[in-house]
Amino acid sequence: MKKMKNLLYIGNKLTSHGNTQTSIDTLGKFLENEGYTIYYASTKKNKIFRLLDMIFVTIKCRNKVNYVLIDTYSTQNFWYAFIISQLCRLLNLKYIPKLHGGNLPFRLKNNPFTSELIFKYAYKITAPSGYLFDAFSIKFSKNLLHIPNSIQVANYPFLKNRLQVPKLLWVRSFSKIYNPKMAIDVLVVLKNDFPDAELCMVGPDKENLIEDCKLYASTKNVKVNFTGKLSAEEWIAISSDYSVFINTTHFDNTPVSVIEAMALGMPVITTNVGGIPFLINDRKNGLLVNDEDYLSMANSIKELLTNNNLYDSVLTNARKTSEEFDWNIIKMKWFEILK
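Residues numbered from 1 in each chain as written. Predicted model: local features only at pLDDT ≥ 70, side-chain atom pairs only at ≥ 80, totals over all residues. Heavy atoms only, no water.

Student: Talk me through helix H2 (residues 47-60); I want residue IDs and the actual numbers.
Tutor: Over its 14 residues, H2 runs 20 Å from end to end, which matches the ideal 20 Å to within 8%, given 1.5 Å per residue. Along H2, the residues classified as buried are Arg50, Leu51, Asp53, Met54, Val57 and Thr58. Considered in projection along H2, the buried side chains sweep an arc of 160 degrees and stay on one side of the axis. Of the residues in H2, the exposed ones pointing more than 90 degrees away from the buried face are Ile48, Phe49, Leu52, Phe56 and Lys60. Buried residues along H2 sit in contact with strand S1 (6-10), strand S2 (37-41) and helix H3 (78-91). (Helix = DSSP H or I, 4+ residues; strand = E, 2+ residues; numbered from the N terminus. Expected span 1.5 Å × (residues − 1). Buried < 20%, exposed > 50% of the residue type's maximum accessible area, 1.4 Å probe, protein only. Arc of directions from axis to C-beta. Contact = heavy atoms within 4.5 Å.)

In structure tokens form, the structure reads like this:
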């Protein structure tokens, strides 16, 4: 029997504060279930305290762990990855930046020296999408691997709904980069032809935008169901009441919520940004529209609901795509680099 490794996982483990699950929650649990011992940092809500906790735990665990996984984002949290990676170098720890931020290619361009310090000296770099893999392969191909985000497909019943009324489901954090108001604009357009059209928006209020979105919906004279944060199990349970999954983001990588919707048998219509076109093949396993083009998104929804052949083929192909992200397949790639 192979000897399991001890890991330190650095990231934003903030579900106890109302945030949605991220890779530190999902991948961490998957690896624990496979027998790995994992130490985590950090659950601190305050960003300064979170950084200090990450530093403290890294030093504390320096003689306990074989590898350090570092969730690496493109916004302010990018600096967590920088500081912890340099601490790992000082402590002679093998670290693995796990790329997440859809805007990371701009970090490579705008912060080349800092990026070099993080990624050149990493034991491995994991990119969850072809988009980030291509961007990073230009300078860091030597230690770069493509390991997609994963789900357990068996947990997602293939419902294959076909509702004649557009009932839209949106699942993201309320953040400006995810452009939640676009979803409301799509509903407004659909209401002209489908008075019974609905929109449910699921997610935590990451940037205090829900009240603003509620006011926006009110000024547009449409009713939107804002559920707040739901667990994966909770939003999967309500998904059977909806006919289309929409993703309105400005920047993105390979969003797990989109993969989950594909697994559930919901047609996905999404903005064509970042890593999305590496996941969605237009009119094959989903539909793509330009960033902020709510009119095209609304028209794509209308087409889906009136073109049964397109609807059926998109759902079938989407489910097949989602199965490629099943943990039972992806875990072998993690086993290989953590051996």
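Student: Tell me about helix H1 (residues 23-33), and name the residues and values.
Tutor: If you check which residues of H1 are buried, you get Ser23, Ile24, Asp25, Leu27, Gly28, Phe30 and Leu31. Where the residues of H1 are buried, they touch S1, S2, strand S3 (67-72), strand S4 (95-99) and helix H14 (327-337). Trailing H1 by a residue or two, glycine 35 shows a phi angle of about 105 degrees, which is positive.

Student: Describe the sheet that holds strand S8 (residues 198-202), and please don't skip the residues or the numbers.
Tutor: Ordered by their spatial adjacency, 6 strands build an open sheet running S9-S8-S7-S10-S11-S12, and the pairing between neighbours is parallel. Each edge of the sheet is formed by a strand with only one pairing partner; in this case those strands are strand S9 (225-228) and strand S12 (287-289). The sheet shows a mean angle of 20 degrees between the axes of neighbouring strands, direction not considered. Where S8 lies against S9, 3 bridges are found, and the strand directions are parallel. Within S9, the residue paired with cysteine 200 across the bridge is asparagine 225. Packed onto the sheet, helix H10 (residues 256-264) meets strand S7 (167-171), strand S10 (244-247) and strand S11 (268-271) and runs at close to 165 degrees relative to S10. (Pairing = 2+ DSSP bridges. Axes fitted to C-alpha atoms, helices over the stretch in contact; angles between N-to-C directions.)

Student: So what's going on with the nonpolar core? Residues and values would help.
Tutor: Among the nonpolar cores identified, the biggest contains 35 residues, and Ile184, Leu199, Met201, Val224, Ile246 and Ile301 are the most heavily contacted of them. Listing elements by their share of this core, those giving two or more residues are S7, helix H7 (180-191), S8, helix H8 (210-219), S10, S12, helix H12 (294-306) and helix H13 (308-323). It is H7 that provides the largest number of residues to this core, a total of 7 residues. With 31 residues, the next largest nonpolar core counts Tyr95, Leu99, Ile118 and Ala122 among its residues. (Core = buried A, V, L, I, M, F, W, Y, C linked by side-chain atoms within 4.5 Å.)

Student: So what's going on with the packing of H2 against H3? Which residues, and what values?
Tutor: Direction vectors running N to C along H2 and H3 enclose 20 degrees, while the axes themselves pass 10 Å from each other. In terms of orientation, H2 and H3 fall into the roughly parallel class. Seen along the crossing, H2 lies across H3 with a hand that is right-handed. Between H2 and H3, the contacting residues are Lys47, Arg50, Leu51, Met54, Ile55, Thr58 and Ile59 on the first element and Tyr80, Ile83, Ile84, Leu87, Cys88 and Leu91 on the second. The residue makeup of the contact of H2 with H3, split by class, is 10 nonpolar, 1 polar and 2 charged. (Parallel < 35°, antiparallel > 145°, perpendicular 65-115°, else oblique. Left-handed = near helix turned anticlockwise from the far one by under 90°. Nonpolar A, V, L, I, M, F, W, Y, C, P; charged D, E, K, R; others polar.)

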